[in-house]
Amino acid sequence: MPSPRIEILQYDKRWAETFKIIKEVISNSLSGLIIDIEHVGSTSIVGLAAKPILDIDIVIEDDSVFPNVINELEKIGYYYQEEWSFRGREAFGRKDELTPWDGKDTQWMEHHLYVCNKDSEELARHLAFRDYLSNNQEAVMEYENLKKNLANSVKNRTSYTSAKSEFISGILKKSSKNQRY
């Protein structure tokens, strides 16, 4: 069976609007446990075509609150995906399209949810990449062209993600010579 086609859509302002609403639902559930919730990844860059999937990083002070974060996220429909996690970035799946549960039967767009310690290198990478692209239109155009070309030429999401890594590494090097990624 062939892999699903990688769909790259023109930027949609509803991505940022949806993020804000999801952030509010999650914030209400995790009140007192988190520092912030960040919209990262391609959908966070105004003007950048992207796969219509939000990437969301929940930022925590330290790992001591993580068990409580897991419990609270489970109450609104997320589940911990230890097998997809690694140091500095803990992954969560969604029970269904109604996750996060807001009491209104809202069907949310697809999104990836991560919990990151505030000192996590992975969080720093996500923020540096987002912030660099947000301030560099030439890099946005270059990245968009790369993504569109890859979507038409690679066989699956794994190949697509792997093929972008050189570009991403280059941006991270440009974004801050003083930080390590």
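### Observations concerning the pairing of strand β5 (residues 111–117)
- Among the seven residues in β5, six count as buried, and that is most of the element.
- Bridging between strand β2 (residues 54–60) and β5 involves seven bridges; their strand directions are parallel. Residue Ile 56 lies in a different strand from β5, and its bridge partner there is Leu 113.
- In terms of strand pairing, strand β4 (residues 90–94) meets β5 through three bridges, oriented antiparallel. Considered in β5, the bridge of Phe 92 is made with Leu 113.

### Concerning the side chain of Glu 122
- Checked against the element boundaries, Glu 122 lands in helix α3 (residues 121–134).
- Under the relative-accessibility criterion, Glu 122 is labelled buried at 16%.
- Residues within four places of Glu 122 in sequence aside, it is in contact with Phe 86, Gly 88 and Arg 89.

### Focus on the pattern of salt bridges
- Inspection of every chain in the model, using the stated rule, returns eight salt bridges.
- The shortest N-O distance in the salt bridge between Glu 122 and Arg 125 comes to 3.6 Å. Of the two residues, Glu 122 and Arg 125 both sit in helix α3, three residues apart, roughly one turn of that helix.
- A cluster of three or more residues bridged by salt bridges with shared partners is formed by Glu 38, Arg 130 and Asp 131.

### Looking at helix α5 (residues 157–175)
- Helix length check: α5 (19 residues) gives 26 Å between terminal C-alpha atoms against 27 Å at 1.5 Å per residue, within 8%.
- Within α5, the axis deviates most sharply at Ser 165, by approximately 35°.
- Within the span of α5, buried status applies to Tyr 160, Lys 164, Phe 167, Ile 168, Ile 171 and Leu 172.
- Turning to α5, the residues buried within the fold contact α3 and α4 (137–153).

### Notes on the packing of aromatic side chains
- By the definition in use, this model includes six aromatic pairs.
- A centroid spacing of 5.3 Å and a plane angle of 75° characterise the contact between Phe 66 and Tyr 80, whose relative ring orientation is edge-to-face. Here the residue Phe 66 occupies a position in helix α2 (residues 66–75), and Tyr 80 occupies one in strand β3 (residues 78–80), the gap between them amounting to 14 residues.
- For Phe 66, a relative accessible area of 11% puts it in the buried group.
- Ring geometry for Phe 129 and Tyr 143: centres 5.4 Å apart, planes at 85°, overall edge-to-face. In this pair, Phe 129 is assigned in helix α3 and Tyr 143 in helix α4, connecting sequence segments 14 residues apart. The pair Phe 129 / Tyr 143 is uniform in exposure class, with both members buried.
- Of the aromatic side chains, those joined through ring pairs into one cluster are Phe 66, Tyr 80 and Phe 92.

What counts, and at which threshold
- Residues numbered from 1 in each chain as written.
- Predicted model: local features only at pLDDT ≥ 70, side-chain atom pairs only at ≥ 80, totals over all residues.
- Heavy atoms only, no water.
- Buried < 20%, exposed > 50% of the residue type's maximum accessible area, 1.4 Å probe, protein only.
- Helix = DSSP H or I, 4+ residues; strand = E, 2+ residues; numbered from the N terminus.
- Pairing = 2+ DSSP bridges.
- Contact = heavy atoms within 4.5 Å.
- Salt bridge = Lys/Arg side-chain N within 4 Å of Asp/Glu carboxyl O.
- Expected span 1.5 Å × (residues − 1).
- Bend = angle between axes of the 7 residues up to and from the residue.
- Phe/Tyr/Trp six-rings, centres within 6.5 Å; stacked < 30°, edge-to-face > 60°.

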